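Summary of structural features
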Amino acid sequence: MDWHERFPGVSEADWRDWRWQLRHALRTGAELDRLVNLTEAERRGLALGGLRTAVTPYYASLMDPFHPACPVRRQAIPLGQEGEPAAGDRRDPTGEEPHRPVRAVVRKYPDRALLLVTDTCPVYCRHCTRRRITGGEEGAFDRPAVEEGIAWIRDQPGLREVIVSGGDPGVLSDERLESILGPLRAIPHLEVLRLATRAPVVLPMRIDDALVRLLRRHAPLFVITHFNHPKELTPEATEACARLVDGGVPVENQAVLLRGLNSTARLLGDLFTGLLARRVRSLYLHQGDLADGTAHLRTPLAAGVGMLRELRGRVSGLALPHLAVDLPDGSGKVTVAPSYLVGGPGEGFGQAVENGVRGTWLMGHAGAPAFYPEPPQADCACAYDQAWYGGLT
Ligand SMILES: *Cc1c(COP(=O)(O)O)cnc(C)c1O
């Protein structure tokens, strides 16, 4: 169904105005009830009052009014299960709190840090990992808080990269974004910036030419977005990605593996190849974080590994992301991959022997083991290093 039928009386100009979309976000059961046949579980979820609810009219227009398993509905409308605590759920699911030297900064790695610039979003994802912040408990990130973060980053010469996140920085005006990205770009030790925003997915009209020019001015800057299902790859979202890429702003995707939404190899393959055809590379497929009220959306770890095993070899390597697990203890992300190692007990890389040659048995995609022999020499030192680094240090 076309948006004109779902939102009668709305002009084209209003629809294409991202501020109109934010102002008219659907927030209540009564508003959503007019658009979809709410289920009992959705009604209970909407009555909870935990994480905020907001859905841009654009994203709401993608909802299937009759099918409660619609992946857009399931990402945007809470279920009663959000209010049922599950074993393992946490308020701070990836252990960020001990790594906030100032309120707006999360720094877990020597060379990269997050700068949180807002606690609001155009659409509140029901799987949100930072819901302790996007739920509004902590308060907004006003200019002084963000300026304190930027000043802290300025004093850390070990940082090479800053990820501007939130909340969704896509809700900020061009002027506000410039007041954040400009000072960051002026910090000599920062090489790369990332802007984490779901705007291409939930508010594609935000990606206008002025914003693209602004982002391009601060290159190297990568937009990291968050498509989770092929249903989100609409003409509008496609145009938003094309504007960014044509304007010189590379776009990468971080999907979250969500049980019952995108948790089959077929859907993931369609998502990753659909993104690649739009020149968007998939950086991560995230295993669900242990955020409060999200247990019903999490998959067993083995399920995601199995899906990637199915896709490797069947789908372009350019399209395939890493499966990332952000560890609950705050030590950061690790990636898990299917193991192709075949071996008897205790056999690791290069430990098997075949016809007198050491090597490794690896499992091919068709299920047949293949032997990969070790080279005659194992020394990996580079003799040119001294010449290369000698003059630089
Ligand atoms: C994910 C994340 C990063 C970025 O990590 P990459 O491995 O470079 O993608 C940096 N800081 C924090 C706190 C993160 O959660």
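Residues numbered from 1 in each chain as written. Predicted model: local features only at pLDDT ≥ 70, side-chain atom pairs only at ≥ 80, totals over all residues. Heavy atoms only, no water.

What follows concerns the domain arrangement of the protein chain. By the assigned domains, the protein chain splits into domain 1 (97-336) and domain 2 (339-393). Placing a centre on the C-alpha atoms of domain 1 and another on those of domain 2 gives a separation of 35 Å. (Domains from an automatic or database assignment.)

So, about the nonpolar core. Counting 89 residues, the largest nonpolar core has Y59, M63, L115, I153, I180, L184 and L215 as the members making the most contacts within it. Sort the elements by how many residues they give to this core and helix α14 (residues 265-277) lands first, with 5 residues. Residues contacting I153, with those up to four places away along its chain left out, are V105, L115, L159, V162, L184, I187, H189 and L190. Ranked by size, the runner-up nonpolar core spans 6 residues in total, among them A25, A54, C121 and Y124. (Core = buried A, V, L, I, M, F, W, Y, C linked by side-chain atoms within 4.5 Å. Buried < 20%, exposed > 50% of the residue type's maximum accessible area, 1.4 Å probe, protein only. Helix = DSSP H or I, 4+ residues; strand = E, 2+ residues; numbered from the N terminus. Contact = heavy atoms within 4.5 Å.)

Turning to the pairing of strand β5 (residues 221-225), a few remarks are in order. In terms of burial, β5 is a largely internal element, 4 of the 5 residues being buried. Direction of pairing for strand β4 (residues 192-196) relative to β5: parallel, over a ladder of 4 bridges. Bridging across to β5, L195 finds its partner in V223. Relative to strand β6 (residues 251-256), β5 runs parallel, the two sharing 3 bridges. Bridging across to β6, T225 finds its partner in N253. Crossover connection from β5 via helix α13 (residues 235-246) to parallel β6: handedness right-handed. (Pairing = 2+ DSSP bridges. Right-handed = clockwise from strand over helix to strand, strands pointing away.)

With that settled, consider the sheet that holds β6. Sheet strands associate in pairs through backbone hydrogen bonding, adopting either a parallel or an antiparallel arrangement. With mixed pairing, the 9 strands of this open sheet are ordered in space as β1-β2-β3-β4-β5-β6-β7-β8-β9. Pairing within the sheet leaves two strands with one partner each, and these edge strands are β1 (105-106) and β9 (332-336). Sheet topology note: the β6/strand β7 (residues 281-286) ladder contains 5 bridges and is parallel. Looking at the pairing, A255 lines up with L285 of β7. Where helix α10 (residues 174-185) meets the sheet, it contacts β2 (112-116), β3 (161-165), β4 and β5, and its direction lies at approximately 160 degrees from that of β4. This element, helix α15 (residues 301-311), spans β8 (322-327) and β9 of the sheet and lies at about 160 degrees to β8. (Axes fitted to C-alpha atoms, helices over the stretch in contact; angles between N-to-C directions.)

What follows covers the packing of aromatic side chains. The geometry of an aromatic ring pair is captured by the separation of the ring centres together with the interplanar angle, meaning the angle of the planes. Inspection of the entire model under this criterion finds 4 aromatic pairs. Taking 4.2 Å as the distance between ring centres and 0 degrees as the angle between the ring planes, the aromatic pair formed by W3 and W15 counts as stacked. Of this pair, W3 sits in helix α1 (residues 3-6) while W15 sits in helix α2 (residues 12-15), and the two are 12 residues apart along the sequence. Residue W15 is classed as buried on the basis of its relative accessible area of 3%. Between F7 and W15 the ring centres are 5.4 Å apart and the planes differ by 50 degrees, which places this aromatic pair in the tilted class. Under the relative-accessibility criterion, F7 is labelled buried at 13%. Between R206 and the ring centre of W18, over which it is positioned, the NZ or CZ distance is 4.0 Å. Over the ring of Y340 we find R309, and its NZ or CZ is 5.4 Å from the ring centre. (Phe/Tyr/Trp six-rings, centres within 6.5 Å; stacked < 30°, edge-to-face > 60°. Lys NZ or Arg CZ within 6 Å of the ring centre and 35° of its normal.)

To continue, consider the pattern of salt bridges. Across all of its chains, the model carries 30 salt bridges by this definition. The salt bridge partner of D119 is R52, with a shortest N-O separation of 3.1 Å. Separated by 67 residues along the polypeptide, D119 in the loop between β2 and α8 (131-134) and R52 in the loop between α5 (40-46) and α6 (57-60) bring together distant segments of the chain. When its relative accessible area of 5% is taken as the criterion, D119 is described as buried. Where R143 meets E175, a salt bridge forms, and the shortest distance between an N and an O atom there is 3.3 Å. Of this pair, R143 sits in helix α9 (residues 143-154) while E175 sits in helix α10; the two residues are 32 residues apart in sequence, bridging distant segments of the chain. Given a relative accessible area of 37%, R143 falls into the partly exposed group. (Salt bridge = Lys/Arg side-chain N within 4 Å of Asp/Glu carboxyl O.)

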